[in-house]
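Chain and residue survey
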Amino acid sequence: MKVLGIAASPRRLGNSELLLDLALEGAREGGADTHKIVLAGLGINPCRGCEACRRGKCVQRDDMDLLYPKLEAADAVILASPIYFYGLTAQAKAMVDRCQVFWNRSRQELIEVDRSPRRGVLIAVGATRGAKLFEGAVLTAKYFFKALDMSYWRDLLVRGADEWGAVRRRPEVLAEARNLGKDLVLTHYHS
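What comes next concerns the included structure. Quick caveat: nothing in here was measured; it's all calculated off a predicted structure. (Residues numbered from 1 in each chain as written. Predicted model: local features only at pLDDT ≥ 70, side-chain atom pairs only at ≥ 80, totals over all residues. Heavy atoms only, no water.)

Considering the arrangement of structural elements, one finds G41 in the loop between β2 (33-38) and α2 (64-73). With relative accessibility at 63%, the residue G41 sits in the exposed group. For the pair G41 and I78, spaced 37 residues apart in sequence, the C-alpha separation works out to 17 Å. (Helix = DSSP H or I, 4+ residues; strand = E, 2+ residues; numbered from the N terminus. Buried < 20%, exposed > 50% of the residue type's maximum accessible area, 1.4 Å probe, protein only.)

Printed below as a string of structure tokens:
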């Protein structure tokens with residue numbers, strides 16, 4: 001099983017990336033092959049709305065060229081993002097928007113081999129405790145995973161973590177992140 005982790009924070013090694021690392025560690029412990037991408041280290045242009053992707057390929061040449069094959073090959077994607085203005089970060093949203101190319105491709109092109117159902121996981125960390133804090137991020141993630149022909153399998157949504165490293169003081173959240181990765185692999189092999 002191939003699990004791709006995507007760290008979407010502009011701030012390195014913060015709360016969402018820490019939880020992503022634990023989830024990937026759990027997936028590795030379960031026997032998965034894992035890979036992590038840090039969006040802040042990539043140059044991804046926003047979607048231009050040119051609609052060239054309707055022909056199955058984006059015409060922009062940037063670091064999405066590195067990411068597209070990894071998204072196609074993954075059995076599962078874990079997207080980890082802090083919440084900015086009740087949504088995903090700009091880095092995550094640029095990547096998601098550029099995945100319109102997958103939406104426009106036929107499902108036969110996207111899935112080249114017979115495999116277990118593909119799954120998407122969202123890890124999101126927000127500072128406030130607002131009732132609707134995660135609604136925008138969850139909705140965007142659901143359609144992102146749908147474009148990748150993945151189901152929105154599970155999420156880990158953490159409120160009240162503002163300062164860098166705040167989740168380190170919440171052992172139950174750390175354990176939940178690791179178990180999330182283990183469960184992702186376990187259910188993949190038993191589906």
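It is worth spelling out the pattern of salt bridges at this point. Close approach of charged atoms allows side chains with opposite charge to pair. Within the structure shown, the criterion is met by 13 salt bridges. Between E17 and K36 there is a salt bridge; the shortest N-O distance is 2.7 Å. Taken together, the positions of E17 in helix α1 (residues 15-29) and K36 in strand β2 put the pair 19 residues apart, joining distant regions of the chain. Residue E17 is classed as buried on the basis of its relative accessible area of 1%. One continuous salt-bridge network, built from bridges that share partners, spans R12, E17, D21 and K36. (Salt bridge = Lys/Arg side-chain N within 4 Å of Asp/Glu carboxyl O.)

Tallied over the entire structure, the rule returns 3 aromatic pairs. Relative to F102, the ring of Y68 lies with its centre 5.6 Å away and its plane at 80°, an arrangement referred to as edge-to-face. With Y68 in helix α2 and F102 in helix α4 (residues 100-104), this residue pair connects regions lying 34 residues apart in the sequence. The class for Y68 is buried, based on a relative accessible area of 7%. Three or more aromatic residues joined by ring pairs make a cluster, and in this case those are F144, F145 and Y152. Positioned above the aromatic ring of Y152 is the side chain of K142, whose terminal nitrogen or guanidinium carbon lies 5.4 Å from the ring centre. (Phe/Tyr/Trp six-rings, centres within 6.5 Å; stacked < 30°, edge-to-face > 60°. Lys NZ or Arg CZ within 6 Å of the ring centre and 35° of its normal.)

Taking strand neighbours across the sheet as the criterion, the 5 strands line up as β2-β1-β3-β4-β5 in an open arrangement whose pairing is parallel. The open sheet has two edge strands, β2 and β5 (151-158), and neither has a second partner. Each strand of the sheet is rotated relative to its neighbour by a mean of 15°, with strand direction disregarded. Where strand β1 (residues 2-7) lies against strand β3 (residues 76-82), 5 bridges are found, and the strand directions are parallel. Bridged to V3 within β3 is A76. The strands touched by α1 within the sheet are β1, β2, β3, β4 (119-125) and β5, with β2 carrying the most contacts at an inclination of about 165°. (Pairing = 2+ DSSP bridges. Axes fitted to C-alpha atoms, helices over the stretch in contact; angles between N-to-C directions. Contact = heavy atoms within 4.5 Å.)

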